[in-house]
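# Structure assessment
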Amino acid sequence: MDAPVANLGSPRVRFAPSPTGFFHVGSARTALFNWLFARQSGGTFVLRIEDTDKERGREEWVDGIVSALSWLGLDADEGPYRQSERQDVYENAIDRLWSGGFLYACACSREEVMERTRSNATPGYDGHCAELGLAREGHALRFRVPEQGTTVVLDVVRGDVEFPHASIEDFVVAKSTGEPLFVLANVVDDVDMGISHVIRGEDLLPSTPKGILLWRALLGEDAQLPCFAHLPMLVNERRQKLSKRRDPVALESYRDRGYLPEAMVNYLALLGWSHPSGREVMPVEELVARFRLEDVNRSPAFFDVAKLTHMNAEHLRAMGDDAFASACRPWLEPPKAPWPPERFEEKVFRRMVPLVRERVATLDEVPAMVDFLFLAEPLRDEDAWRAVLAEQLAPAVLRAAIALYGSCEWSAQALHEATAALAVELGSKLSKAQAPIRVALTGRRVGPPLFESMELLGREATLSRLEAALAAALRVLPGDADKLPGGADEVLPAGGSMPPGGASQAAG
RNA sequence: GGCCCCAUCGUCUAGUGGCCUAGGACACGACCCUCUCAAGGUCGAGACACGGGUUCGAAUCCCGUUGGGGCUGCCA
C-alpha cells in the first residue's frame, strides 16, 4: 500500500457499488451526490466496482452500472477500478494487520457463532477464539476490537456519532479462503486511492466505526480520516428502504418509460437536498453550482414517481425542438410506435413537436399523440368512439364537416373558422362540435389541437375518415337515417359539394 | 434483543429562538382561460408526533415517551 494521502488539495470521492443486480435509483442518488460534490469542489470522482464476492458479481451488472452512469451524465474521472483485480493489495493489508497483532484466526462454524451470539450478554460474536492462537491459514480472520473506549464518526450531515467499542463485535475481515470482506477491501481501497470524502447511504453508518478501526490499524492512531457524509435513505410508501425485490427501483425502467436523464438527476438531487432559493426545476449546471454537502438533510425521503413525472414534463417543455425530436427517436419506431416505419414522415412529426411537447409528461406518451398521422386507419379508443358518435348531433356535424372540408382552404386557421361557423349553424358550441370530428380523425376524444392536426393529415384522409365515422354514427343511431346499403358515400348532404379528393397537404 | 439514525401538510421540503395566524413544490378540489387535452392563472383544503423542561419568547435548544427506519453474514 502506498503512503497515506492526506486531505490536502482537491477532494477525492468515490462511488463504490457492488454489481449485484440492475442499477438502483438509490445508487443513482448516491452517485449523483458524490459527482455533484466533486464537480462543485473541483475534486475527482472515482468509480470503483466492489466485487469482492465472486459468487455474486456478474459482468452484465458491471456494464449496467457503467451505462446507467453514462445515461445520467455522471462521468467518472477515474476507474472503474475493480476489487476483483486487486487481491494482492488486500492480501498485503491483511499481512500487515496480522503481523501488527490486530487480527486473530477464528475456527468457529456459522452455527457456533450463532449460538455464542445468542447465549452471550455482549452483542455479536463473543471473542471465543481470540486467545486460542490459531494459525492464520484456513481460518476466518477477525479484528480484535478494543474492549474499552469509543469510536466517533465525524459526519457532515449527522454530526458526531459515537459507537462504544463494547457494542462492536470482533468482526471478520477475511474469509477462511483468504479473500477480504467488504469492510476491509473498502477501507484499504479508500486509503489506497486517497479518498478524502466518503459519501454514501446511511445504511453504512453502523459499519463505519469498524472501518475507522481498520483505518487506524493500517495507518496509525493519528491517521488522517476521510470526511464522512451519510445520506438519508430513499424509502418506499411504507417508509422502508427501497428494495430491489419489492419496489420499482431499476433506473433502466424509468429510462424505458420515457423519463429524461436530466429530469431524473434534477429530481434525485431534491431528495435530501434543496436549492437555497427554493427553486426546484433547474439544469444540472445549477445543481453543481449550488450543491453543498453541509446542506444535505437527515431524514429519509420517499421516492415519489408522481413528482418525478411532473419534473420530467417540466424538462420536456424546456427542451428545444431539435432536442425534443431526437429524445423522441426511440418512440417513433417499432416496437414503441404502432405504425409501420415506412409511413412515418419526419417533416410531419416535426410540425407536431410544439403541440406534443407541452402535452406529454413522459416520452412514452408521444406515439399516442401522433399515431393517427402515420397509420392508414386511426387506432380507435372504442369507448370514446361509441360515446361520441352516439351523440344526437354527431351525424349532422359529420355531414356538415364533410361538405365544408371538401372545398375550404386547407389551413389550420381556415379549418378552425369553417368549423366554428359549422357549430354556429348547428346551434352548438365549437367545443362540442369538434368532438365527433376529433374522434373520427384520431380515434380518440383527446389529443393535440384539432385543426393543426387536420392540416397535417390532409384533405383526402380527413374526408374518408369523416365518412367512415358518419357511417358508424348512423349505425348506432338507427332512428336518424336507418339502412345505409351504399355506405357513407350516399349520406352526403344534398347541398354539399363532393370532395375533390385532393392530394394530402400534409407537411407541405 | 443490542447498537445507531430519524421525526414540519398525503409526498418532497423551507425554517437554525422573536420576521410563523409555519412558506414553496407535487398530488388533490373549485373556478377562470379554452377547439379536446395539456399548459397557464386565481382560490381552497392540508403539518410543527406527544409530554416535560430552558427562556420574556420554541417548529427551532435540552430530557423523556411514542412512532418509524437502518445495522446486527466467512453479503455489500
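For the structure, see preceding data.
This text gives an overview of the structure that appears in the document.

### Regarding the overall build of chain A
Scanning chain A from N- to C-terminus turns up 20 helices and twelve strands. Here chain A holds 508 residues, and the buried ones make up 50% of them. Total accessible area on chain A is roughly 23,300 Å²; 50% of this is exposed by carbon and sulfur atoms.

### What about the environment of Thr462?
By the element assignment, Thr462 lies in helix H19 (residues 459-476). Between the alpha carbons of Thr462 and Phe374 there is a distance of 13 Å; along the sequence they are 88 residues apart. Residues in contact with Thr462, not counting those within four places in the same chain, are Tyr405, Trp410, Leu441, Met454 and Leu457.

### Description of helix H11 (residues 321-328)
Along H11, the residues that are buried comprise Phe324, Ala325, Ala327 and Cys328. Projected down its long axis, H11 shows its buried positions confined to an angular sector of 165 degrees, all on one face. Against helix H10 (305-317), helix H12 (346-357) and helix H13 (366-374) lie the buried residues of H11.

### Digging into the protein's contact with RNA strand B
Around RNA strand B there are 58 residues in total, and Thr52, Lys241, Glu280, Glu358 and Gly447 lie nearest to it. Close to the protein, within 4 Å, the atoms of RNA strand B are drawn from sugar and phosphate at a rate of 71%. Here Thr52 contributes a side-chain N or O atom positioned 2.4 Å from a phosphate oxygen of RNA strand B. The contact in question runs from a phosphate oxygen of RNA strand B to an N or O atom on the side chain of Lys241, over 2.5 Å. Counting residues per element, the ones that place at least two in the surface near RNA strand B are strand S5 (140-143), strand S7 (159-164), strand S12 (301-302), H10, helix H17 (430-442) and helix H18 (450-457).

### A few points about the packing of H11 against H12
The contact between H11 and H12 brings their axes to 10 Å, and the two run at 95 degrees. The angle between H11 and H12 falls in the class roughly perpendicular. Across the interface between the two elements, Asp321, Asp322, Phe324, Ala325 and Cys328 from H11 touch Phe349, Arg350, Val353, Val356 and Arg357 from H12. Counted by class, the contact of H11 with H12 contains six nonpolar, no polar and four charged residues.

### Focus: the pairing of S7
In this structure, strand S6 (residues 150-155) lies alongside S7, joined through six bridges in antiparallel fashion. Bridging from a neighbouring strand, Thr150 pairs with Pro164 of S7. The loop that links S6 with its antiparallel partner S7 comprises three residues.

### Considerations on unusual backbone geometry
Put simply, Gly79 and Pro80 share a cis peptide bond, and its omega is 5 degrees. Take Pro80: it is sitting in strand S3 (residues 78-82). The peptide bond linking Pro334 to Pro335 adopts the cis configuration, its omega dihedral lying at 5 degrees. Within the secondary structure layout, Pro335 lies in the loop between H11 and H12.

### Some points on the side chain of Thr362
Positionally, Thr362 belongs in the loop between H12 and H13. In terms of polar contacts, Thr362 uses its side chain to reach the side chain of Asp364, at 2.6 Å. The residues touching Thr362, leaving out its near neighbours within four places in the chain, are Arg257, Gly258, Tyr259, Thr309, Asn312 and Leu316.

### Focus on the pattern of salt bridges
One pass over the full model with this rule turns up 27 salt bridges. A salt bridge links Glu286 to Arg279, with the nearest nitrogen and oxygen atoms 3.9 Å apart. One connected set of salt bridges, linked through shared partners, spans Arg14, Arg48, Glu50, Arg86, Asp189, Asp190 and Asp192.

Rules and cut-offs
- Residues numbered from 1 in each chain as written.
- Chains lettered and ligands numbered in written order.
- Predicted model: local features only at pLDDT ≥ 70, side-chain atom pairs only at ≥ 80, totals over all residues.
- Heavy atoms only, no water.
- Helix = DSSP H or I, 4+ residues; strand = E, 2+ residues; numbered from the N terminus.
- Buried < 20%, exposed > 50% of the residue type's maximum accessible area, 1.4 Å probe, protein only.
- Areas by Shrake-Rupley, 256 points an atom, 1.4 Å probe, with all protein chains shown as cover.
- Contact = heavy atoms within 4.5 Å.
- Arc of directions from axis to C-beta.
- Near = heavy atom within 4 Å.
- Polar contact = N/O pair within 3.5 Å; in protein donor to acceptor, adjacent residues only side chain to side chain.
- Axes fitted to C-alpha atoms, helices over the stretch in contact; angles between N-to-C directions.
- Parallel < 35°, antiparallel > 145°, perpendicular 65-115°, else oblique.
- Nonpolar A, V, L, I, M, F, W, Y, C, P; charged D, E, K, R; others polar.
- Pairing = 2+ DSSP bridges.
- Salt bridge = Lys/Arg side-chain N within 4 Å of Asp/Glu carboxyl O.

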